[in-house]
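Below are the chains, spelled out letter by letter.
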Amino acid sequence: MQLSPSVPDTISIPALRAALSGRVITPDDPEYDTARAVFVGGVDRHPALIVRVANATDVAHVIGVARETGLELAVRCGGHSNGAFGVVDSAIVIDLRDLQALDIDVDGRTAWAGGGLTAGAYTTAVGAHGLATGFGDTGSVGLGGITTGGGIGYLVRKFGLTIDDLLAVELVTADGEVLDVDADHHPDLFWAIRGGGGNFGVVTRFKYRLHDVPGIVGGMLLLPATPDTIAGFIAAAEAAPEELSTIANVMPAPPMPFIPADQHGKLSIMALLCYAGDAEAGQRAIAPFRALATPIGDMVRPMTYPEIYPPDSDDYHPIAAVRTMFVDRVDRDLAETILERLGAATGDMAVAQLRVLGGAMARVPVEATAFAHRKSRIMANLAVLYHDPGDKAKHEAWAGTFADAIRQGDHGAYVNFLAVEGDERIRAAYPGPTWDRLADIKRRYDPTNLFRLNQNIPPAPAAS
Ligand SMILES: Cc1cc2nc3c(=O)[nH]c(=O)nc-3n(C[C@H](O)[C@H](O)[C@H](O)COP(=O)(O)OP(=O)(O)OC[C@H]3O[C@@H](n4cnc5c(N)ncnc54)[C@H](O)[C@@H]3O)c2cc1C
């Protein structure tokens, strides 16, 4: 039984409320349960308080309270991290969701975005001007988490990672200082927050570069999944112009109205395609995918870029066993293994998601940011959804065995798709010199590891 949490005596709620412009939500408040909900299912954590901050000054104040009281400090933006890091028992949560300001400089092709916006809200607003910054495949993901971890999405081959379009941030440090950070000011910190996650401070505003994206050819293409179509899909995605970024979800065809009933539940490639450029050239680029087999469903069409994000449901909270990795190639043999493993999945809905990388992302030097996987060729994300938390071990075992079966030479991992998988996997996200440099910067900006409820990079020991 979960005991009802209480606010520690060391914190005066009236004084805290008086000191802040934002809102303090305690366990007694009617909105407490809504405020502590996150995307991943099976999470029922009770923080001591949740502070919906209104600005950087509020963030600095709450950091001060956490330091004085010794309470743990969680930071929450869109609430989508696999580790559910934005809600932790007995912690103070800095909830950034009220930081919604968006200042678009259309002529200058930049935007300052509040650190609580979602990818979808930002994309819709800048899309009204025919402009875009690339995030991921889901609109409800928060800018805070996806940006500080890297950001791999529908424009990755054309424009690179989200962090490749990050120009500056306003950030509150572990000692409550509000810093303007960019390539010229605190460049070490600017390097670290481009991939190093929430380890270095709380970003209250992001400044992004905007690109002209007046329209795309995009949407869902559903193909039967066979060793030939899977290997052919990856070959076509690698050969495609950089304007085209693809996500191939090998999974049972869901019972959607536009999918013929006799296909429901059969393994298919549910592909999401995005060609950012001229419509005719886009149709030409997509033709090789359509030619792989008679499509089961074809929703690919010219559209505006924001349309790539369909509305998300607030009620969807899946529990999943997940693994993330990079692979060098997906040939017929590997595709066969993928189909075999999915056929033996421990749950009804299991997926192997394959994303061909390269293009603009790979042209940025590896050492330029804390995201170290520029040369990785294909990202593979494996997942099985389940309902009963008591069955976790069985599903985790399936996901682990699947990952082992398809592992090749690339032992890296993308931090934003990691669950809570232990220190070794965090090290895999930050190999070699990247880890050493991050740990050193952590020592300088957060020596007590105040920001530790995350994919944590502990501070390097102080030099003797
Ligand atoms: C359905 C789904 C689809 C996804 N698709 C993609 C995808 O296509 N591409 C991709 O790259 N990733 C994708 N992700 C992964 C996603 O980028 C990470 O889960 C990310 O951490 C979520 O960010 P958030 O702000 O929503 O999460 P939160 O749980 O709110 O935040 C996660 C952590 O990030 C840090 N953080 C958040 N905001 C800030 C801030 N303003 N300043 C400092 N630190 C901060 C904190 O440590 C926080 O605990 C997806 C995740 C889900 C659930």
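A.B. asks: I tried to follow the layout of surface pockets on my own but got confused; where do I start?
C.D. replies: If a probe the size of a water molecule is rolled over the atoms, the empty space left behind becomes visible. One number sums up the size of the second largest pocket: a volume of about 390 Å³. If you go around the second largest pocket, you meet 20 residues; those closest to its centre are R76, G78, H80, R97 and D314. Split into classes, the residues belonging to the lining of the second largest pocket amount to five nonpolar, 10 polar and five charged.

A.B. asks: How should the side chain of D58 be read in this particular structure?
C.D. replies: The topology assignment puts D58 in helix α3 (residues 56-69). No salt bridge is formed by the buried D58; the nearest opposite charge belongs to R23, separated by 9.4 Å. For D58, the contacting residues outside a window of four places in its chain are L20, S21, G22 and V53.

A.B. asks: Can you walk me through the site of the ligand in this structure?
C.D. replies: Every one of the 31 residues lining the ligand counts as a neighbour, but C77, G79, S81, I152 and Y414 are closest to it. The backbone of H80 places a nitrogen or oxygen atom 3.1 Å from an oxygen atom of the ligand. The separation between a nitrogen atom of the ligand and a polar main-chain atom of I152 is 2.7 Å. Listing elements by their share of the shell around the ligand, those giving two or more residues are β3 (73-76), α5 (143-149) and β10 (202-209).

A.B. asks: Help me understand the sheet that holds strand β1 (residues 23-25), please; the structure alone is not making it clear to me.
C.D. replies: The strands that make up a sheet pair up through hydrogen bonds in the backbone, lying either parallel or antiparallel. On the basis of which strands lie adjacent, the open sheet formed by four strands has the order β1-β2-β4-β3 and mixed pairing. Lying at the two open borders of the sheet, with one neighbouring strand each, are β1 and β3. Averaged over all adjacent pairs, the angle separating strand axes in this sheet is 20°, with direction ignored. Bridge analysis of strand β2 (residues 49-52) against strand β4 (residues 92-95) gives four bridges, and the strand direction is parallel. Its bridge partner being in β4, V51 is matched across the sheet by I94. Where α3 meets the sheet, it contacts β2, β3 and β4, and its direction lies at approximately 170° from that of β4.

A.B. asks: For this particular structure, what's the right way to read empty space enclosed by the protein?
C.D. replies: Scanning all chains against the criterion turns up one cavity of 30 Å³ or more. Counted as a void, the largest cavity has a volume near 30 Å³. In this structure, the largest cavity is lined by I152, G153, V156, S245, T246, I247, R355, V356 and L357. Of all the secondary-structure elements, those providing two or more residues to the lining of the largest cavity are β13 (244-252) and β18 (350-356).

A.B. asks: Looking at this model, I keep getting lost on the sheet that holds strand β5 (residues 102-105). Mind explaining?
C.D. replies: The five strands are arranged β5-β6-β10-β8-β9 in an open sheet whose pairing can be described as antiparallel. In this open sheet, the two strands that pair with only one neighbour each are β5 and β9 (178-182). Here the average twist between neighbouring strands, direction ignored, is 15°. Bridge count for strand β8 (residues 166-172) against β10 is six bridges, and the pairing is antiparallel. Paired with V172 across the bridge in β10 is V202. Each of β5, β6 (110-114) and β10 touches helix α4 (residues 119-127); the most contacted strand, β5, lies at about 35° to it.

Reading guide: rules and limits
- Residues numbered from 1 in each chain as written.
- Predicted model: local features only at pLDDT ≥ 70, side-chain atom pairs only at ≥ 80, totals over all residues.
- Heavy atoms only, no water.
- 1 Å grid on protein atoms, 1.4 Å probe; cavity = no way out; pocket = protein on both sides within 12 Å on 5 of 7 lines; lining within 4 Å.
- Points joined across faces, edges and corners; volume = space filled by probe spheres on them.
- Nonpolar A, V, L, I, M, F, W, Y, C, P; charged D, E, K, R; others polar.
- Helix = DSSP H or I, 4+ residues; strand = E, 2+ residues; numbered from the N terminus.
- Buried < 20%, exposed > 50% of the residue type's maximum accessible area, 1.4 Å probe, protein only.
- Lys, Arg positive; Asp, Glu negative; His and termini not counted.
- Salt bridge = Lys/Arg side-chain N within 4 Å of Asp/Glu carboxyl O.
- Contact = heavy atoms within 4.5 Å.
- Near = heavy atom within 4 Å.
- Polar contact = N/O pair within 3.5 Å; in protein donor to acceptor, adjacent residues only side chain to side chain.
- Pairing = 2+ DSSP bridges.
- Axes fitted to C-alpha atoms, helices over the stretch in contact; angles between N-to-C directions.

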